[in-house]
Amino acid sequence: MTRKQRDSTDTGAAPTSDAAGAVGVEAGEGTETLPTAKTPRPQVPDGAHPGRFRQRVAVVIPAKDEARRIAATVRSARAIPNVDLVLVVDDGSEDSTQHVAREAGAVVVRHSHNRGKAAAMETGAAVVAMRDVPGRPERLLLFIDADLADTAVNTAPLVPPVLEGVADMAIAHIPPQVGAGGHGFVVGAARRAIAGMTGWTPTQPLSGMRCMTREAFEAATPLARGWGVEVGLTIDLLRQGYVAVEIPCELRHRPSGKDFKGQLHRAAQYRDVQLAISARRVRRTVDVVRPHHPAP
Ligand SMILES: O=c1ccn([C@@H]2O[C@H](COP(=O)(O)OP(=O)(O)O[C@H]3O[C@H](CO)[C@@H](O)[C@H](O)[C@H]3O)[C@@H](O)[C@H]2O)c(=O)[nH]1
Ligand SMILES: O=C(O)[C@H](O)COP(=O)(O)O
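The name given to the protein chain in an unreviewed UniProt entry is Glucosyl-3-phosphoglycerate synthase, with Luteimicrobium xylanilyticum as the source organism.

Moving on: the overall build of the protein chain. Assigned secondary structure in the protein chain consists of 9 helices and 9 strands. Long-range pairs, those at least 24 residues apart, make up 76% of the contacts in the protein chain with a sequence separation of at least 6. Total accessible area on the protein chain stands at roughly 14400 Å², and carbon and sulfur atoms take up 55% of it.

A separate point is empty space enclosed by the protein. One pass over the full model with this rule turns up 1 cavity of 30 Å³ or more. If you trace the largest cavity, you find it lined by Ile171, Ile194, Trp200, Pro202, Gln204, Pro205, Arg210, Thr234 and Glu246.

Moving on to the layout of surface pockets. A volume near 1600 Å³ is recorded for the largest pocket. Lining of the largest pocket is provided by 48 residues; of these, His253, Arg254, Ser256, His265 and Gln269 occupy positions nearest its centre. Listing elements by their share of the lining of the largest pocket, those giving two or more residues are strand 3 (57-63), helix 6 (185-198) and helix 9 (260-289). In this structure, the second largest pocket occupies an estimated 190 Å³ of space. Around the second largest pocket, the lining comprises 16 residues; the ones closest to its centre are Pro222, Leu223, Ala224, Arg225 and Arg280. Sort the elements by how many residues they give to the lining of the second largest pocket and helix 9 lands first, with 6 residues. Residue composition of the lining of the second largest pocket, by class: 8 nonpolar, 3 polar and 5 charged.

In this section: the side chain of Arg210. Along the chain, the position of Arg210 falls in strand 8 (residues 210-212). For Arg210, which is buried and forms no salt bridge, the nearest opposite charge comes from Glu230, at a distance of 5.5 Å. A polar contact is formed between the side chain of Arg210 and the backbone oxygen of Pro205, at a distance of 3.4 Å. In this structure Arg210 touches Leu141, Leu142, Phe143, Leu158, Met169, Ala170, Ile171, Pro205, Glu230, Leu233 and Thr234, once residues within four positions along its chain are discounted.

Attention now moves to the pairing of strand 9 (residues 244-248). Of all 5 residues in strand 9, 4 are buried; the element is thus mostly enclosed. Two strands pair when backbone bridges link them, and strand 7 (residues 169-173) and strand 9 are joined in this way by 5 bridges, in the parallel orientation. When the bridges of strand 9 are listed, Met169 appears paired with Ala244.

Rules used throughout
- Residues numbered from 1 in each chain as written.
- Chains lettered and ligands numbered in written order.
- Predicted model: local features only at pLDDT ≥ 70, side-chain atom pairs only at ≥ 80, totals over all residues.
- Heavy atoms only, no water.
- Helix = DSSP H or I, 4+ residues; strand = E, 2+ residues; numbered from the N terminus.
- Contact = heavy atoms within 4.5 Å.
- Areas by Shrake-Rupley, 256 points an atom, 1.4 Å probe, with all protein chains shown as cover.
- 1 Å grid on protein atoms, 1.4 Å probe; cavity = no way out; pocket = protein on both sides within 12 Å on 5 of 7 lines; lining within 4 Å.
- Points joined across faces, edges and corners; volume = space filled by probe spheres on them.
- Nonpolar A, V, L, I, M, F, W, Y, C, P; charged D, E, K, R; others polar.
- Buried < 20%, exposed > 50% of the residue type's maximum accessible area, 1.4 Å probe, protein only.
- Lys, Arg positive; Asp, Glu negative; His and termini not counted.
- Salt bridge = Lys/Arg side-chain N within 4 Å of Asp/Glu carboxyl O.
- Polar contact = N/O pair within 3.5 Å; in protein donor to acceptor, adjacent residues only side chain to side chain.
- Pairing = 2+ DSSP bridges.

Here it is as structure tokens:
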């Protein structure tokens, strides 16, 4: 798929399965086998050693009441190649998440009250930007959930596609989880909306483990609120010509069960996903009705 084709169709990457079951990127017409990311790759100045500008990665972990698992998640995330910063955003926890995370070696910032996952991601990205070094490439952002525990290191395969310029955003495709009680209702609605608005049908539209470039992240801000953040990110980036891929990752997290708490959680997810979708439909209609004209 060429840049021009991608820009003209606004579809981003199309998923396909290879023999190993990996969800990858479909080859377009022509000779290219993989798309190239929209984000420009950092240039090594003349005479400089390539290693001088080794691309660093910041892991950003939004966390609400995750004291039981956050230490293992932080330690595991620190082992991901190229990661030099693990940042936990304590989203107004009522337990000791912040202290446990700090003890495990994370940089921790805290919302004094709960603001939702999307706000925690924005806070995290802002803090990483404050720690990026002028004159060096901005860190890639690797967002992961706080409940991955020892499997957090298995998000490492999300980094190379972004590092190598194959994609602007790599999304984890995780195996079926023991104890998961979903009915496919929220996932199905999210998948259909993304497909309808971008032409790309993700397998796991709600997956929050995502590596992306700073440019791509900024292009999607302000993020959709709460649990709508993943759907909003995907739609907003693909519609601007950024490229997304889904990458298999051997992750285990605490899935939502079939109990009342699980169903309440799904209701909140459904509400936030629908809000994200509606806002983007309205925006698209406004763009069609009122096309942008260059200033005279
Ligand atoms: O107000 C909140 C609630 C949760 N979290 C954190 O957000 C992450 C995801 O929350 P979780 O309770 O694990 O939700 P799940 O339903 O299991 O998450 C799935 O679905 C979400 C979208 O609905 C995605 O964000 C997740 O990546 C995906 O694993 C965890 O690190 C939480 O600690 C916050 O930061 N603030
Ligand atoms: O459990 C899940 O996978 C999420 O909460 C989404 O629920 P769903 O499977 O009912 O769409």
